[in-house]
Each structure stands twice: as C-alpha cells, then as structure tokens.
Amino acid sequence: MLLTSLYIIGITAEGMTGALAAGRHNMDWFGVLFIACVTAIGGGSIRDVLFGHYPLTWVAHPEYLVIICIAALLTTRIPYFVARFERTFLVLDALGLAVFSIIGARIGLDLHPSGSMAVAGAIITGVFGGILRDIFCARIPLVLQKELYASISLLIGSLYVIGAYVSKNYFPLNENTIIITCLVIGFIVRLVAIRYHLGLPTFKFNPK
Amino acid sequence: MLLTSLYIIGITAEGMTGALAAGRHNMDWFGVLFIACVTAIGGGSIRDVLFGHYPLTWVAHPEYLVIICIAALLTTRIPYFVARFERTFLVLDALGLAVFSIIGARIGLDLHPSGSMAVAGAIITGVFGGILRDIFCARIPLVLQKELYASISLLIGSLYVIGAYVSKNYFPLNENTIIITCLVIGFIVRLVAIRYHLGLPTFKFNPK
Amino acid sequence: MLLTSLYIIGITAEGMTGALAAGRHNMDWFGVLFIACVTAIGGGSIRDVLFGHYPLTWVAHPEYLVIICIAALLTTRIPYFVARFERTFLVLDALGLAVFSIIGARIGLDLHPSGSMAVAGAIITGVFGGILRDIFCARIPLVLQKELYASISLLIGSLYVIGAYVSKNYFPLNENTIIITCLVIGFIVRLVAIRYHLGLPTFKFNPK
C-alpha cells in the first residue's frame, strides 16, 4: 500500500522529467508520451523481461500508463513552471529511485538464493528508465558518465538482502520495517549526493 | 489469410526501406540485412517480448526472415530504381502500418479486459520497427519528432476494440469485417496525413 | 565442460574490451561495469529473451557477472597494458565469437526443425553484445559497417546444423566433435579475416 503510493509518485515524477527531455529534442506529442512512459516504466519493463516476470506491471495495470501520460501532457502546458521547481523534482526523482530499487530487489530476491539478483534487480529497475530515455534521445546515457545513481540502487538492494537474511535466519522483521529502512537510507544518501555533487571516479582512456 | 498476405507485403516494403536506410549509413551487407529485419519485424518482436507472447512470429516462421533478406538484397542492387518509386513505398508502408497495427491489437486484446493493451499492442507493433531502425542508425527516431504515424495505430487499435466490443455485447460482427474496416480507415487516414503533411503539435523546451 | 571454460575466457575478454570502450567515452565506474556486462552477456541475453529461453545465463550463474566486473575493474587499473596486448585480445575475442556462436546455435536448434533458428541464434549471440555496447555509447554499431564478424557466426551456425543433421540421419557424431570442428574452423576464418582485413561489400546510397 505504502509502496504503491510511493510508486505512483515516482512514475509521475519520472514521466514529467521524461516529457521535459522530449521537449529539449523538439519531439511531437507522441514523442513526449513515448519518452515519458519509457522513462517511468522502462526500468521495470527491462527487469521483468530479463527475469521472465510476466505480466509486466503496466500490462496488468494500464491505469499507470494513463497517469504517466496525463503528467506528461500537463508538463507540455507548463514546462517553465515545472522546470522552475527543478529542486522539487530532484527530490521526487530521488524518492522514485529508492522506491523502484526496493521493488526491483523484492522481485529479484526469489530468483537466486545468494541475493545477487535482488541487487541486480534493484540496479536494473533504478537506472534503466533513464538509460532508455537517453538512448531514444540518441545521446550517451547520463547515468553511465556521472552522478551517484546506480550506487544508490546497489546500496538499497544490498540493504534489502541483508534485511531479508536477518529476518529469515535471526529474528523476524516486519517487511514494512525493511522497506522503510531501505527507503529512508537510500533517499537520504541520494539527497546528500545531489547536494555535494558526489559521483564515482571516472575512467578516461584516450590512446593515440 | 487476407491478413497474412498483407503482412507479407508489409514486411517486404519495410525491409526495402530498412535496406535504403542502411545504405545511407554505408553499412555492409550484414548491416543491410540486420536493419531490414529490425525495421520489418522489430515492432512485432518488442510487442511479443513485452507481452510474453511466445514463440515470436519469425521463430515460428523463419521463411519471413528469408523474404525480408531477399527484398533487402534486391534493394542493394537497384537502390535508385527503388528510391524513384518512393511514392509507391509510402503507400505500401501505409498498408504495412495498418496491418501491423491490427495484428498488434488482436494480440493485445486478450491481455486486459479494458482493451487498453489492444491499443498499446497496435502502437508498439506499428511504430517500434521504425524506432529500432533509427536507434541502430544512431539518430533520434523520426516517428518521435514528426509524422502522423503512431496516431494511426492508436486510431486502428481503438477501432478494433470498439468493433470487438460491439460484436460481443450488441450484435455479432464477422472478424473480417472488423479487420477490413480498421484497415481501410487507417490506410486512408495515413494517406491523407502524407498528402497534406499532417502531424501532431511539437513540444519545444529550451531553457537557458 | 570445454565449452564452459572457453565461455568464461570469452566473457572475460569481452568484458575487458567493453571497459576500454567505456573509458574512451569517459564513463564512471558504473558505466565501465555496465558496458563491460552488456558487451559480454548482452548477446546471450537478447537471444534468450527473443527465444523465451529462461532463466538467462547470468540469472542462473551470477558468478559470471562477478568475473566480468573484476575483469573490467582490473582493466581500469592497467588500460595501456591491456591496450598494448591488443593483438592478444583480438585472438581472445575471436575465440569468444566462436564459442558464443556455438552456444547460440545449440539453443536455437531446438526451436525450429529447419535449423534456421540455430543460425539465427549463432548470429544473435555472436554480434549483439558488440551492437549493444556501441548503442549505449551512442554510435552506429561497428559490426553493421565493416569487419567479417556476423558472417563467422553464420558459418559456425551452419556447420553446427550440418553436423547435427549428419549425426542424426547418417552416422552418429560425438557432440564434442561437432563443437570442436565448428570452433576451430570459425576461429581460423576469423583470424584470417583480421589478418587480411576481409570484410563484406558495403552498400552506399546517397540520393540528393
């Protein structure tokens, strides 16, 4: 219930940022809706296809597509208003990242006893929406070049696995406790990363 | 039977336009065959993967791949002849778009009672071949920027859902009647859109 | 057993070349790991998703992801050392191509009695890793423009189908015999192609 509400906030925010990216490339209304949907639900779709986890979320719940499209069309009416609240969007995007990662970790946990697929699921769900958005805009994905983004998913996936492990083998934890812990820590770390421009080291290789 | 014949005409035309796109980027023969296949069957493949609808058409019918490859290789022999009949290709492409959309709508209709997946299936099948072609040529997909293309799929998908709904709840309609109605309307609207350069409004967002 | 050992050599080599490609685009550590994984296991993943062949290799064996990531991180420490052994890498890459193609042919053979999906599986597994690597680096895939690469997969796939056909209908062949024959022939042809800069003809189409 909590996760569903946060998920809807997340896809709405992602849809709006996707619409702005489409606007930067002078796309038409279909392009705006397409990029918005890809940004919001692309990560979960790639995860489900790779994991063979059918039906996909938006196939079972087409209403999510409607929400994203409304958010995207609204954005085309008030782009500068939306852009002015850039900081608010970064916060909502951070929330979305945390929620998407937790959902990915939950789905991945069943696939391999080591918990490695929970981490993979968290990362795929968290970052692939933005990667696809950039690919369809014909540019190198931002998340591969800078920003502490995938690392947050890695952290959340790991915390979720640890929580599930502790809960199973030592003392039972309410699942909501695990979710809220992951959410709060991931969210705060992401906000700190934005505030202090934290990023991973880059690898430059320029042979003659 | 009718749909299969039209489908073969559609993938042949799409394969030829894909081969011309590959030629514009100086690709080798493998590149030509690859782009031709992606353009012709990429949309249906993405739809089937997203919907978990196995086996994919070309896995069950590899002869379709052979047809596309022959059409593509033929195009490399007579590119200027093919290009001179550009108008013929636009008509065949319009036919292909209508057929692909109907096939996508049929497959999507079973997935969700609301009919929303029929519309999604029509759009995905209709436009994703061209989107993938442009992505593999490293450019922003044309269909996201201009042309009334996805809208035709949306129209056809909606008509198909309405037809199926009427047929089920009010008076029975022969499926061929529904298919031919969707085909004719979609085809004509697409030709009108080409003739009068109709397109959706675009969204420009260029913050400083 | 033989195939598994060669497969691990293949993904290690592909992971290292992927890391170098990421370095050429100044990616951060996540970008390096991402491009390395996509290059090494992208082809097999696309094949399995298109063929509905679940679970994917790296979902069942996450240790392969760990091997690729270690190889990629090692490459970021010693890029010029790795680049100096370019010739060694071309050889390992040729080995990887042959192994990937054989694995793809084996999985595809069950899908269609004609053996066409064995050939398709060999090509998809052999070339899609490099195609995805280039797409995520926002450039036209090299393999679509030059190099005798997909043709090697086509050759290996065809040899594998012929071997399986002969074994079934004329006289029984040990599967390892078929595999080693395909491997040696494919590997040698690829090395000859590298040495003499062999490639397919290209198709140029530049209408005014």
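Residues numbered from 1 in each chain as written. Chains lettered and ligands numbered in written order. Predicted model: local features only at pLDDT ≥ 70, side-chain atom pairs only at ≥ 80, totals over all residues. Heavy atoms only, no water.

Chemist: Requested: an account of the UniProt feature "domain: Glycine transporter" (unreviewed entry) in chain A, with residues and values cited.
Modeler: Residue and element names in this part refer to chain A. UniProt records the feature "domain: Glycine transporter" (unreviewed entry) at residues 6-75 and 91-162, using the numbering of this structure. Note that residues 6-75 is 84% helix and 0% strand, and that its end C-alpha atoms are spaced 20 Å apart. What you have in residues 91-162 is 74% helix and 0% strand, and the ends, taken at the C-alpha atoms, are 26 Å apart. (UniProt positions renumbered as here; feature names shortened; annotations may be inferred. Helix = DSSP H or I, 4+ residues; strand = E, 2+ residues; numbered from the N terminus.)

Chemist: Explain the relation of the copies chain A and chain B residue by residue, including any values.
Modeler: The transformation that overlays chain A on chain B combines an axial shift of 0.0 Å with a rotation of 120 degrees, and the residual RMSD is 0.0 Å. One copy is carried onto the other by what is essentially a three-fold rotation axis. Using C-alpha coordinates, one finds that chain A approaches the rotation axis most closely at Ala138(A), a distance of 3.5 Å. Here only 12% of the interface residues in chain A have copies in chain B that are interface residues too; the copies meet through unlike faces. (Least-squares fit on C-alpha atoms with pLDDT ≥ 70 in both. Contact = heavy atoms within 4.5 Å.)

Chemist: Give a description of a nonpolar patch on the surface that names residues and reports values.
Modeler: Residue and element names in this part refer to chain A. Residues Leu-2, Ile-180, Val-184, Ile-188, Val-192, Tyr-196 and Leu-198 make up a contiguous nonpolar surface patch of about 600 Å² in total accessible area. Looking at the nonpolar patch, the element that brings in the most residues is helix H9 (residues 175-195), giving four residues. Locating Ile-180 in the fold gives a position in helix H9. (Patch = residues over 30% accessible without salt bridge, like charges linked within 9 Å, V, L, I, M, F, W, Y side chains within 5 Å. Areas by Shrake-Rupley, 256 points an atom, 1.4 Å probe, with all protein chains shown as cover. Salt bridge = Lys/Arg side-chain N within 4 Å of Asp/Glu carboxyl O.)

Chemist: So what's going on with the packing of helix H6 (residues 86-109) of chain C against helix H8 (residues 150-169) of chain C? Residues and values would help.
Modeler: Residue and element names in this part refer to chain C. Running from amino to carboxyl end, H6 crosses H8 at an angle of 45 degrees, the nearest separation of the two axes being 9 Å. Considering their axes alone, H6 and H8 lie oblique with respect to each other. In the crossing of H6 with H8, the sense of the turn from one axis to the other is right-handed. Residue-level inspection shows Leu-97, Ala-98, Ser-101, Ile-102, Ala-105, Arg-106 and Leu-109 of H6 in contact with H8, the latter providing Ile-152, Ser-153, Ile-156, Gly-157, Tyr-160, Val-161 and Ala-164. Classifying every residue of the contact of H6 with H8 gives 10 nonpolar, three polar and one charged. (Axes fitted to C-alpha atoms, helices over the stretch in contact; angles between N-to-C directions. Parallel < 35°, antiparallel > 145°, perpendicular 65-115°, else oblique. Left-handed = near helix turned anticlockwise from the far one by under 90°. Nonpolar A, V, L, I, M, F, W, Y, C, P; charged D, E, K, R; others polar.)

Chemist: Outline helix H7 (residues 116-136) of chain B, supporting the account with residue identities and numerical values.
Modeler: Over its 21 residues, H7(B) extends 29 Å from the first C-alpha to the last, a length consistent with the 30 Å expected when each residue adds 1.5 Å. Considering bend angle alone, the principal kink of H7(B) is centred on Val127(B) and spans about 40 degrees. (Expected span 1.5 Å × (residues − 1). Bend = angle between axes of the 7 residues up to and from the residue.)

Chemist: So what's going on with the relation of the copies chain B and chain C? Residues and values would help.
Modeler: Related by rotation about an axis and a shift along that axis, the two copies of the chain form a pair. Mapping chain B onto chain C leaves a residual RMSD of 0.0 Å; the transformation is a rotation of 120 degrees accompanied by 0.0 Å of translation along its axis. Of the interface residues in chain B, just 12% have counterparts in chain C that sit at the interface too, so the contact is made through distinct surfaces.

Chemist: Hey, could you go over the nonpolar core for me, with residue numbers and the actual values?
Modeler: Within the largest apolar cluster, 209 residues are counted, with the highest numbers of intra-cluster contacts made by Trp58(A), Phe136(A), Trp58(B), Phe136(B), Trp58(C) and Phe136(C). Those residues in contact with Phe136(C) that sit more than four places away from it in its chain are Phe128(A), Ile131(A), Ile135(A), Ile140(A), Pro141(A), Leu144(A), Met27(C), Phe34(C), Ile35(C) and Val38(C). (Core = buried A, V, L, I, M, F, W, Y, C linked by side-chain atoms within 4.5 Å. Buried < 20%, exposed > 50% of the residue type's maximum accessible area, 1.4 Å probe, protein only.)

Chemist: Got a sec to walk through the environment of Leu74(A)? Specific residues and values, please.
Modeler: With respect to the element layout, Leu74(A) can be found in helix H4 (residues 63-77). Considering only alpha carbons, one finds Leu74(A) and Gly186(A), 112 residues apart in sequence, at a separation of 29 Å.

Chemist: Break down the interface of chain A and chain B for me, with residues and values.
Modeler: By a widespread convention, an interface's size corresponds to the accessible area lost as its parts come together. Between chain A and chain B, the contact holds 33 residues from the first and 34 residues from the second. Taken over both partners, the interface formed by chain A and chain B buries close to 2700 Å², and the fraction arising from carbon and sulfur atoms is 74%. Looking only at chain A, the three residues that lose the most surface to chain B are Asp28(A), Phe30(A) and Phe136(A), adding up to 23% of its buried area. Linking chain A with chain B are zero salt bridges, by the criterion used here. (Buried area = accessible area lost by both parts, 1.4 Å probe.)

Chemist: Go over the interface of chain B and chain C, please, and point to the residues and values.
Modeler: Tallying the contact residues gives 33 residues for chain B and 34 residues for chain C. Interface area for chain B against chain C, summed over the two sides, is near 2700 Å², with a carbon-plus-sulfur share of 74%. Sorting the residues of chain B by area buried against chain C places Asp28(B), Phe30(B) and Phe136(B) first, and these three jointly supply 23% of that buried surface. At the junction of chain B and chain C, the tally comes to zero salt bridges. At the level of elements, helix H1 (2-24), helix H2 (29-51), helix H3 (57-60), helix H4 (63-77), helix H5 (79-84) and H7 of chain B are the ones that each hand at least two residues to the side of chain B that touches chain C. Among the elements that make up the side of chain B that touches chain C, the one with the highest residue count is H2(B) (eight residues). Grouping the amino acids of the side of chain B that touches chain C by side-chain chemistry returns 24 nonpolar, seven polar and two charged.

Chemist: Could you give an account of the layout of surface pockets, naming the residues involved and the relevant values?
Modeler: All names here are of chain C. If you add up the space inside the second largest pocket, you get close to 950 Å³. When residues of the lining of the second largest pocket are traced back to their parent elements, those giving at least two are helix H1 (2-24), helix H2 (29-51), helix H5 (79-84), H6, helix H7 (116-136) and helix H9 (175-195). Per element, the largest residue contribution to the lining of the second largest pocket is eight residues, and it comes from H7. A breakdown of the residues in the lining of the second largest pocket according to their chemical character gives 18 nonpolar, eight polar and 11 charged. (1 Å grid on protein atoms, 1.4 Å probe; cavity = no way out; pocket = protein on both sides within 12 Å on 5 of 7 lines; lining within 4 Å. Points joined across faces, edges and corners; volume = space filled by probe spheres on them.)

Chemist: Explain unusual backbone geometry residue by residue, including any values.
Modeler: With an omega of -10 degrees, the peptide bond between Tyr54(B) and Pro55(B) qualifies as cis. Within the element layout of this structure, Pro55(B) appears in the loop between H2 and H3. Not every positive phi belongs to a glycine, and Asn26(C) is a case in point at roughly 50 degrees. Residue position: Asn26(C) is located in the loop between H1 and H2. Its identity is not glycine, yet Ala138(C) carries a phi of approximately 60 degrees, on the positive side.

Chemist: Just give me the short version of the UniProt feature "transmembrane region" (unreviewed entry) in chain A, but keep the residues and values in it.
Modeler: Residue and element names in this part refer to chain A. In this structure's numbering, the residues bearing the UniProt feature "transmembrane region" (unreviewed entry) are residues 64-82, 89-109, 115-136, 148-166 and 178-198. The annotated region residues 89-109 carries 100% helix and 0% strand content, and the separation between its end C-alpha atoms amounts to 30 Å. The distance separating the terminal C-alpha atoms of residues 178-198 is 26 Å; by composition the span is 86% helix and 0% strand.

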